[in-house]
Amino acid sequence: MLNIVLVEPEIPQNCGNIARTCAATGARLHLIRPLGFDISEKAVRRAGLDYWDKVEVRDYENLDDFFSKNQVREMWCLSTKAPRSYCEAAYHDECYLFFGKETKGLPESFLEEHRDSCVRIPMRDTIRSLNLSNAVAITVFEALRQLEFPNLQDYGKMRK
């Protein structure tokens, strides 16, 4: 199982799209506060997120709270400032993929502390960044590809 960690996400639609990716792939979703939206049961129901109950969502007050409750053996931090491509990372079961808030990314101090775990999605230098939910989907599916899509249907094999 992969672990998606959103550090201070701001836009509810991005979180909803990421939750849907988690539901489709079996990834666990970790949310680090503050959040730019409400994730109460009432708010989720009102937003029409009918797959929210199919996602294991864990909520934390801050990064210290997160690390005190999780034993992170492998992590990858996505940043436009990272020295190497996300395709160069070797992803393993139970790894944690960290993504920062939409307006600023992951905190600079966090990136510096985990410099060897930083990867980026290649893109044209005239573009600041990809949409957060797109970046999560790209990275999750590369990790799953490397893991040979565990517990997921392989539609290519189904058509033969």
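The rules we used
- Residue positions are given per chain, counting from 1 as you read along its sequence in written order.
- At least 70 in pLDDT is required for a residue's local features to be given in this predicted model, at least 80 for side-chain atom pairs to be given and counted, and no such filter applies to totals for whole chains, interfaces and linings, which use all residues.
- As a convention, hydrogens and water are excluded, and side-chain values are obtained from all of the structure's heavy atoms.
- Throughout this description, the term salt bridge denotes a Lys or Arg side-chain nitrogen within 4 Å of a carboxyl oxygen of Asp or Glu.
- In DSSP terms, a helix is any run of H or I states spanning at least four residues, a strand is any run of E spanning at least two, and both are numbered starting from the N terminus.
- Pairing between strands is defined by DSSP: at least two bridges between the two strands are required.
- Working rule for contacts: check all heavy atoms of both residues, and any pair within 4.5 Å makes them a contact.
- Axis angles are defined between N-to-C directions and span 0 to 180 degrees, where every axis is a line fitted to C-alpha atoms and, for a helix, only to the segment in contact.
- Relative accessibility decides the category of a residue: with a 1.4 Å probe and only protein chains considered, values under 20% of the type maximum give buried, values over 50% give exposed, and everything between is partly exposed.
- Looking down the strands as they point away from the viewer, one classifies a crossover as right-handed if the path from the first strand across the helix to the second runs clockwise.
- Roughly parallel refers to an angle under 35 degrees, roughly antiparallel to one over 145, roughly perpendicular to one between 65 and 115, and oblique to any angle outside these ranges.
- Two helices crossing with the near one rotated counterclockwise from the far one by less than a right angle form a left-handed crossing, whereas a clockwise rotation gives a right-handed crossing.
- Multiply 1.5 Å by the residue count of a helix minus one, and that product is the helix's expected span.

S.K.: Talk me through the pattern of salt bridges; I want residue IDs and the actual numbers.
M.R.: Throughout the structure, instances matching the rule amount to 10 salt bridges. One salt bridge connects Arg28 with Glu56, and the closest N-O pair in it is separated by 3.1 Å. Of this pair, Arg28 sits in strand S2 (residues 28-32) while Glu56 sits in the loop between helix H2 (41-46) and strand S3 (57-60), and the two are 28 residues apart along the sequence. Because the salt bridges share partners, they merge into one network encompassing Arg28, Glu56, Arg58 and Glu94.

S.K.: How would you sum up the sheet that holds S3? Please name residues and give values.
M.R.: Read from one edge of the open sheet, 6 strands run S3-S2-S1-S5-S4-S6, paired in parallel fashion. Here the strands that pair on one side only, and so sit at the sheet edges, are S3 and strand S6 (118-119). For strand S1 (residues 3-7) and S2, the ladder comprises 5 bridges, and the chain directions are parallel. Bridge assignment links Val7 to a residue of S2, and that residue is Ile32. Contacting S1 and S2, helix H1 (residues 12-25) runs over the sheet at an angle of about 150 degrees to S2.

S.K.: Lay out the pairing of S1 in plain terms, naming residues and giving numbers.
M.R.: Within S1, 5 of the 5 residues are buried, which leaves the element mostly enclosed by the surrounding structure. Burial along S1 is two-sided: the residues Asn3, Val5 and Val7 and Ile4 and Leu6 are all buried. Assessed by its sense of winding, the connection that carries the chain from S1 through H1 to S2 is right-handed.

S.K.: Give a description of the packing of H1 against helix H5 (residues 132-146) that names residues and reports values.
M.R.: Where H1 meets H5, the axes come as close as 8 Å, and the angle between the chain directions of the two elements is 15 degrees. Here H1 is positioned roughly parallel relative to H5, judged by the angle of their axes. For the element pair H1 and H5, the recorded crossing hand is right-handed. From H1, Asn14, Asn17, Ile18, Thr21 and Thr25 reach across to H5, where they touch Leu132, Ser133, Val136, Ala137, Val140, Phe141 and Leu144.

S.K.: So what's going on with H1? Residues and values would help.
M.R.: Given 3.6 residues to a turn, an α-helix orients residues that are three or four positions apart in the same direction. Here H1 is 14 residues long and its end C-alpha atoms lie 20 Å apart, about the 20 Å a rise of 1.5 Å per residue gives. Those residues of H1 lying buried are Asn14, Cys15, Gly16, Ile18, Ala19, Thr21, Cys22 and Thr25. Of the surrounding elements, those touching the buried residues of H1 are S1, S2 and H5.

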